[in-house]
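One letter stands for each residue in the lines below.
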Amino acid sequence: MDYKVRKDFKYLSGCIEIPPDKSISHRAVIFSALASGKSIIKNFSDAQDPQTSLRICKNLGADIVVKKDSYIEVTSDGKLYPYNKNLNCSNSGTTMRLLSGILAGQNFNSILTGDESLSKRPMGRIIEPLTLMGANIKSNNFHAPLEIRKSELHAIKYCSPIASAQVKSCILLAGLFAQGTTEYTEPYLSRNHTEIMLKSMGANIRTNKNTTTIEKSELQPLNIEIFGDISSAAFFIVAALIIPKSKIVLKNIGLNKTRAGIIEVVKKMNGNITILDKKIICGEEVGDIQIEYSPDLTGCEISGEIIPRLIDEIPVIALMATQAKGQTIIKDAQDLRNKETDRIKTTVSELKKLGAEIEETNDGMIINGKITLKGDTITDSYTDHRLAMTLYIAGLITEKEISIKNFEWIKISFPEFTKLIESLKIG
Ligand code: S3P
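Computed from a predicted structure; not experimentally measured.

### Some points on the domain arrangement of the protein chain
Phase 1 of the analysis: Assigned domains within the protein chain: domain 1 (3-20 + 227-426) and domain 2 (22-225).
Phase 2 of the analysis: Just the C-alpha atoms count here: the centres of domain 1 and domain 2 sit 28 Å apart.
Phase 3 of the analysis: Facing the 29 residues of domain 1 at the interface are 29 residues of domain 2.
Phase 4 of the analysis: Summing the contributions of domain 1 and of domain 2, the shared interface buries around 2,400 Å²; its carbon and sulfur component is 50%.
Phase 5 of the analysis: When the buried surface of domain 1 facing domain 2 is broken down by residue, Pro 20, Thr 258 and Ile 412 rank first, second and third, together holding 23% of it.
Phase 6 of the analysis: In this structure, the connection of domain 1 to domain 2 is made through 3 salt bridges.

Below you can see the structure in the form of structure tokens.
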């Protein structure tokens, strides 16, 4: 059934915690399965994608006990074991790409499958470098399912043509099982959660600018409390910026510079955003974010090295740009076409349905701002969780009510989204 966005409120106000970071949750459970001993992960994400990684780690032999309040214990002897069925990665690109790197270096065969959306996403970007390392992978024309046969890996020096944390993590994880020193260079720095976490677990890993090297290493167990997800916080940040009279605080959010590009863009666009109470948790910068309604938002160009640092936030940034004076140009973001949907096409088509002045370009979009979004229409997330939440926030400022098809896909990254936004609605 189409989801109707309720508009019976005046503004947003309050202080909330945002659910745990999805990227860190994936890495925490997967890396713990590779460490000898008992790892403790507090505040593990209950969203579908990280739960997929958890299920597959169990399939591969890790002993995972889920205690109350998203507290999990992962016990492993540091080895993975063959699973005699397909490993189903569902909708999760992070699960498939990170696990491919690990499984390529094991002494058993595995088959990774995905849902309809994941099966359309490009896997050549990992198959190519893994094959150079000696991996033996059969694919459906560089798409899932991936049949990963046992092989002995050797190190390579690889210069990636794209800035992708999933590809980087895949190759670095393969490097953990390869003879020699694996060296990975990317054109711009993508999120570095893998490097930070592997280092904290004792891996022999070093980063210098955009190049990281890694050697075969034994991992020590992890003990981590996962903080709030900046990519989920992004929907609330934009909502508070564009809904008159709003003022909210989001507690304990990850602010790692390689991930939190949206904060720089909001500042550049004249948004009223303040970071409070900064601290470091497990090598990652964390803080509270205060956001106030910002009537003077101004368009800008978003391109180059910042793109990988805000790649998942572009749909909701495009919505923010519809409310900013002047033009916003988003460039160098062609990889958006390889996400859960072609996010250039779907973001443009759905915001256009609401009355936005937005045009698709090859590698991004151009948005003319200060437009009243009319609504009174049925939009579609096309099963893309981030588009579903972007459209919900848009529906809070449209003149008339909107409906969203396939809204339930928010479960992929943020099942608590509607409950949390309802808790901030006043009046
Ligand atoms: C992720 C990396 C990004 C991002 C995805 C999560 C990660 O993908 O879009 O949601 O956790 O490493 P790419 O590396 O393909 O850009």
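### Description of the site of the ligand
Phase 1 of the analysis: The local shell around the ligand consists of Ser 23, Arg 27, Thr 94, Arg 97, Ser 164, Ala 165, Gln 166, Arg 191, Ile 311, Asp 312 and Lys 339.
Phase 2 of the analysis: Within the side chain of Ser 23, an N or O atom sits 2.7 Å from an oxygen atom of the ligand.
Phase 3 of the analysis: In this structure, an oxygen atom belonging to the ligand sits 2.9 Å away from a main-chain N or O atom of Gln 166.
Phase 4 of the analysis: When the ligand sits alone it has 390 Å² of accessible area, and the protein chains cover 93% of it.
Phase 5 of the analysis: Sorting the residues of the shell around the ligand by element identifies α1 (22-33), α3 (93-103) and α5 (165-175) as the ones contributing at least two each.
Phase 6 of the analysis: Split by residue class, the shell around the ligand holds 2 nonpolar, 4 polar and 5 charged.
Phase 7 of the analysis: When residues are assigned to domains, the shell around the ligand turns out to be shared by domain 1 (3-20 + 227-426) and domain 2 (22-225), each giving three or more.

Thresholds applied
- Residues numbered from 1 in each chain as written.
- Predicted model: local features only at pLDDT ≥ 70, side-chain atom pairs only at ≥ 80, totals over all residues.
- Heavy atoms only, no water.
- Domains from an automatic or database assignment.
- Contact = heavy atoms within 4.5 Å.
- Buried area = accessible area lost by both parts, 1.4 Å probe.
- Salt bridge = Lys/Arg side-chain N within 4 Å of Asp/Glu carboxyl O.
- Near = heavy atom within 4 Å.
- Polar contact = N/O pair within 3.5 Å; in protein donor to acceptor, adjacent residues only side chain to side chain.
- Areas by Shrake-Rupley, 256 points an atom, 1.4 Å probe, with all protein chains shown as cover.
- Helix = DSSP H or I, 4+ residues; strand = E, 2+ residues; numbered from the N terminus.
- Nonpolar A, V, L, I, M, F, W, Y, C, P; charged D, E, K, R; others polar.

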